[in-house]
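# Close look at the chain arrangement
Here is what each chain is made of, one letter per residue.
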Amino acid sequence: MTPEQIQSQSWEIVRSYLATATRAQWHLFAARANYDSNAAAFQWLIDNPETDRATVLLLYWNLGAAWYVQFACEQDALHPPTFALLRLIEQRYDAGYYQNADIWFDPRHSDGAGPGDYPDIPVITPIPDLMLHAVNGKDYVEVDCDPEGFDEGLPLAVVDALYALHEPD
């Protein structure tokens with residue numbers, strides 16, 4: 001199997017899981033997943049209006065929003081697609097694209113990335129104020145560690161299926 005086929009099948013396995021997962025499970029995945037290899041899954045969450053505002057805010061900060069303030073435009077950014085994705089999140093967040101706000105998340109009190117990262121970087125493109133505020137949802141999703149039966153925010157059955165693709169018998 002080619003690397004492209006493996007990547008495509010890997011995404012299909014993750015997509016199938018996400019399609020049946022709860023919003024809390026999406027939030028756990030966004031917090032625990034490897035950010036180097038899950039771009040399609042994060043895009044899926046960002047493009048899904050059912051994704052909780054807390055999850056989108058968590059993704060925003062974990063994608064490096066505090067680091068990308070040093071760039072004026074997509075073309076200047078070290079990784080232009082991420083710069084563009086951050087601007088898309090800001091636009092959708094502001095426009096009310098994400099209506100669900102059931103999960104609690106405060107970017108200033110997160111174990112992941114947040115507004116206090118990179119304090120010495122010059123700010124060329126400031127973070128919009130609305131991206132700094134907590135989502136005061138009634139549900140708290142524990143993301144400090146994977147719950148039993150999960151690895152990197154995915155159920156072990158999904159992880160096993162992914163490993164099987166990468167390490168065939």
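Below you will find a few notes about this structure. (Residues numbered from 1 in each chain as written. Predicted model: local features only at pLDDT ≥ 70, side-chain atom pairs only at ≥ 80, totals over all residues. Heavy atoms only, no water.)

So, on to the environment of Arg-15. Positionally, Arg-15 belongs in helix H1 (residues 3–20). The class for Arg-15 is partly exposed, based on a relative accessible area of 27%. Between the C-alpha atoms of Arg-15 and Gly-153, which are 138 residues apart in sequence, the distance is 13 Å. Separated by 2.6 Å, the side chains of Arg-15 and Glu-12 make a polar contact. (Helix = DSSP H or I, 4+ residues; strand = E, 2+ residues; numbered from the N terminus. Buried < 20%, exposed > 50% of the residue type's maximum accessible area, 1.4 Å probe, protein only. Polar contact = N/O pair within 3.5 Å; in protein donor to acceptor, adjacent residues only side chain to side chain.)

The biggest cluster of nonpolar side chains holds 47 residues, and the ones touching the most others in it are Phe-29, Tyr-60, Trp-61, Ile-89, Ile-127 and Leu-154. When contributions to this core are tallied by element, the ones reaching two or more residues are H1, helix H2 (23–32), helix H3 (39–47), helix H4 (53–62), helix H5 (65–68), helix H6 (80–95) and helix H7 (156–166). With 7 residues, H4 is the single largest residue contributor to this core. In this structure, Tyr-60 is in contact with Ala-65, Leu-86, Arg-87, Ile-89, Glu-90, Ile-127, Pro-128 and Met-131, ignoring residues within four places of it in sequence. (Core = buried A, V, L, I, M, F, W, Y, C linked by side-chain atoms within 4.5 Å. Contact = heavy atoms within 4.5 Å.)

The next subject is the side chain of Glu-90. Looking at where Glu-90 falls in the secondary structure, it is placed in helix H6. When sequence neighbours within four positions are dropped, the list of residues in contact with Glu-90 reads Tyr-60, Pro-128 and Met-131.

Quick look at the packing of aromatic side chains now. Within this structure, the stated rule accounts for 10 aromatic pairs. Measuring from centroid to centroid gives 5.8 Å for Tyr-68 and Phe-71, while their planes differ by 55°, and the two rings are tilted. The buried category is assigned to Tyr-68, whose relative accessible area is 6%. A relative accessible area of 12% means that Phe-71 is categorised as buried. Ring centres of Trp-104 and Tyr-140 lie 5.8 Å apart, and the angle between their planes is 45°; on these two criteria the pair is classed as tilted. One end of the pair, Trp-104, is in strand E1 (residues 104–105); the other, Tyr-140, is in the loop between strand E2 (135–136) and strand E3 (150–151), with 36 residues separating them in the sequence. For Tyr-140, a relative accessible area of 52% puts it in the exposed group. Joined through ring pairs, the aromatic side chains of Trp-67, Tyr-68, Phe-71 and Phe-83 make up one cluster. The ring of Tyr-93 carries Arg-53 above its face, with NZ or CZ at 3.9 Å from the centroid. Of note, Arg-92 hangs over the ring of Tyr-97, and the distance from its end group to the ring centre comes to 4.6 Å. (Phe/Tyr/Trp six-rings, centres within 6.5 Å; stacked < 30°, edge-to-face > 60°. Lys NZ or Arg CZ within 6 Å of the ring centre and 35° of its normal.)

Any functional reading would require information beyond the geometric quantities listed.
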